[in-house]
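Single-letter residue listing:
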Amino acid sequence: MKFSVSSSALLSLLATTGKVISNKNTLPILDYFLMELNGNELKVTTSDLETTLIGSITVDSVESEGTIAAPAKLMLDSLKEFSELPLTIDVNDKNWEITINWKSGSLSIPGASAVSYPAVPQLSAEKKELRLDVDMLVNGINKTIFATADDELRPVMNGIYINLAPGALTFVGTDAHKLVKYESEAENEVSASFILPKKPATLLKNLLPKEQGDVQIDFDDRNAIFTLENYRMVCRLIEGRYPNYNSVIPQDNPHKVTIDRQMLISALRRVSVFSSQASSLIKLRLSENQI
């Protein structure tokens, strides 16, 4: 395996896919990047067994193809020290040594065989497919992810509930103290729902703003696949029944207030300085045309 690539392009790919790697991996091989070169496409895979992210870039020139497991920390720490310059990466297929050459020097990194790297989960034959607008998906995640919980006893609340109905799409996040429901019109004929865990939702939150067009989503009862322009993410969904969120939303509440958003934020920030750090409680007293 030998090819040439831009240092900044490779670092960007590794830094993005490297966000999947967990600090407490049960398998040592999960601390590595799986790098596969086919033609002039370099594919990099990372996984924590729950979430798998696959990214790809086009390399400048190829002398030989191949596959290698490269240590994530060493690769990232090394590439961060380069300015923009062409690199030649040469892999010894016998001892898995990775040699990175540039105009004025070289370095060697011990790699590993990719044979033991976990396979990417596959969807069942009963999978469902849909295409969503990037902005719609970004807005849904951004407006609900902050309300999700970190509750080991109720794992269904640790993710974003996405409900699909013909012509409508609903995102819900709650931690039993606050609840956010975001509804949007969508051109789909699929009726289904799933709970997207917080980690893949955060990854999508960072990836999607750089995308254009639509996102392809395929999912079954256990896994979902999000296909972007240069990335493909496979994640295990949270299994279980999501709480009936509509029942806790007041339907005929007689009390309504309309207020300038920035004015309210400014007032809250001023008084929150003196609120309890434990509870962050703020009291609102409402009277005629005044809060």
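Residues numbered from 1 in each chain as written. Predicted model: local features only at pLDDT ≥ 70, side-chain atom pairs only at ≥ 80, totals over all residues. Heavy atoms only, no water.

1. Looking at the sheet that holds strand 1 (residues 2–6)
In space, the 5 strands of this open sheet follow the order 5-1-7-8-9, with antiparallel pairing throughout. The sheet terminates laterally at strand 5 (61–64) and strand 9 (105–110), the two strands that pair on one side only. Taking the axes of each pair of neighbouring strands and ignoring which way they run, one obtains an average angle of 20° across the sheet. Strand direction decides the pairing type here: strand 7 (residues 86–91) and strand 8 (residues 97–102), joined by 4 bridges, are antiparallel. Note on strand 8: the bridge partner recorded for T88 is N101. Together, strand 1 and strand 7 form the strand contacts of helix 1 (residues 7–17), whose direction differs from that of strand 1 by roughly 90°. Packing against the sheet, helix 2 (residues 72–79) makes contact with strand 7, strand 8 and strand 9, and its axis sits at approximately 165° to strand 9. (Pairing = 2+ DSSP bridges. Helix = DSSP H or I, 4+ residues; strand = E, 2+ residues; numbered from the N terminus. Axes fitted to C-alpha atoms, helices over the stretch in contact; angles between N-to-C directions. Contact = heavy atoms within 4.5 Å.)

2. Description of unusual backbone geometry
With a phi angle near 60°, W96 is a residue other than glycine that sits in the positive phi range. Along the polypeptide, W96 turns up in the loop between strand 7 and strand 8. The phi dihedral of N289 falls on the positive side, at around 55°, and the residue is not glycine. Mapped onto the elements, N289 comes out in the segment after helix 5 (261–272). A residue is classified by how much of its surface remains accessible, and N289, at 77% relative accessible area, is exposed. (Buried < 20%, exposed > 50% of the residue type's maximum accessible area, 1.4 Å probe, protein only.)

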